[in-house]
Structure formats: C-alpha cells, structure tokens
Amino acid sequence: MILFVLAGLAEIGGGYLIWQWLREDRPVVWGLIGGIALVLYGIIATFQSFPSFGRVYAAYGGVFIVLSILWGWGIDKKTPDLYDWLGAVICLVGVGVMLLAPRQ
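Chemist: For this particular structure, what's the right way to read the confidence of the model for the chain?
Modeler: In low-pLDDT regions, the fine details of the predicted coordinates are not to be read closely. Of all residues in the chain, 100% have pLDDT values of 70 or greater, and the mean over the chain is 92. When pLDDT is averaged over each helix and strand of the chain, the minimum, 89, is found for helix H3 (residues 53–74) and the maximum, 96, for helix H2 (residues 28–45).

And the structure:
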C-alpha cells in the first residue's frame, strides 16, 4: 500500500504543479518539478511486487481516485460530498477484489 500511496502522491502532485504552471500562471519551474514528479511516479509504480502490469495499474487507479479526493479536500479546499466518498469506497472494494482474490 505504501508504494501505491507514494506513486499516487507523485502523480497527483506532479499533475497539480503542471496545472498550476499552465493554468494559474505559476513559474515554469513549477512545471519542471511537476514533470520530474510524474517521472518518479512511473518509477515508483515499477517497485510493486505484483507480476502483472495491468493488474497493478488497475488497482492503483482505485487508490489514485481516493488520493485525488483527499488532495482536493486538503489542498484545493473542496469538501467531498456523500457521492465522492461512496465512489471512493466502491473503488477501494474493487482494488481489494483485484489484489486479494485467490488465484492459481
């Protein structure tokens, strides 16, 4: 789970910095740091021990959704509503099914 969270923070943080640079007129260095964070996201995700690229990235998608809601709440001050949380729980259930299901 720690790798999922670290990858998520790198991806969301990198995307946020690029958004700030291009849409909020922040200095170009914000975009460069954002690009570096996005590269780190790609690297961090490869450290997962699961053997299937597709399964890891699909499961990571659910974690990313939850982290995005939390980022929006903490950084952008957009309070999640009931449907945001419901959707997040559904995603995490899906992550659990993908990663924890008994397979041969």
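Now that the structure has been shown, the text picks up again.
Chemist: Looking at this model, I keep getting lost on unusual backbone geometry. Mind explaining?
Modeler: The bulk of non-glycine residues show a negative phi, and the bulk of peptide bonds are trans. Of note in the backbone geometry, Asp25 takes a positive phi value of approximately 55° without being a glycine. Considering the arrangement of structural elements, one finds Asp25 in the loop between helix H1 (2–23) and H2. Its relative accessible area of 72% is what places Asp25 among the exposed residues. Positive phi is not limited to glycine here, since Lys77 has a value of about 60°. As for its position among the elements, Lys77 is in the loop between H3 and helix H4 (82–100).

Chemist: Would you mind showing me how to read the side chain of Gln48 here?
Modeler: Residue placement: Gln48 occurs in the loop between H2 and H3. Once you skip the residues sitting within four places of it in the chain, Gln48 turns out to touch Leu3, Phe4 and Val56.

Chemist: Would you explain the packing of aromatic side chains in this entry?
Modeler: Aromatic ring pairs: the centre-centre distance and the angle between the two ring planes describe each pair. Under the definition given, this model contains eight aromatic pairs. Ring geometry for Tyr16 and Trp71: centres 5.4 Å apart, planes at 65°, overall edge-to-face. Of the two residues, Tyr16 sits in helix H1 while Trp71 sits in helix H3, which places them 55 residues apart along the sequence. A ring pair is formed by Tyr57 and Tyr60, whose centres lie 6.5 Å apart and whose planes are at 65°; its orientation type is edge-to-face. Residue Tyr57 and its partner Tyr60 are located together in helix H3, separated by three residues, close to a single helical turn. The exposure class assigned to Tyr60 is buried, which follows from its relative accessible area of 6%. An aromatic cluster is defined as three or more aromatic residues linked by ring pairs; in this entry it consists of Phe4, Tyr41, Phe53, Tyr57, Tyr60 and Phe64. Above the face of the Trp19 ring, Arg23 is positioned so that its terminal group lies 4.0 Å from the ring centre.

Conventions used here
- Residues numbered from 1 in each chain as written.
- Predicted model: local features only at pLDDT ≥ 70, side-chain atom pairs only at ≥ 80, totals over all residues.
- Heavy atoms only, no water.
- pLDDT = per-residue confidence, 0-100.
- Helix = DSSP H or I, 4+ residues; strand = E, 2+ residues; numbered from the N terminus.
- Buried < 20%, exposed > 50% of the residue type's maximum accessible area, 1.4 Å probe, protein only.
- Contact = heavy atoms within 4.5 Å.
- Phe/Tyr/Trp six-rings, centres within 6.5 Å; stacked < 30°, edge-to-face > 60°.
- Lys NZ or Arg CZ within 6 Å of the ring centre and 35° of its normal.

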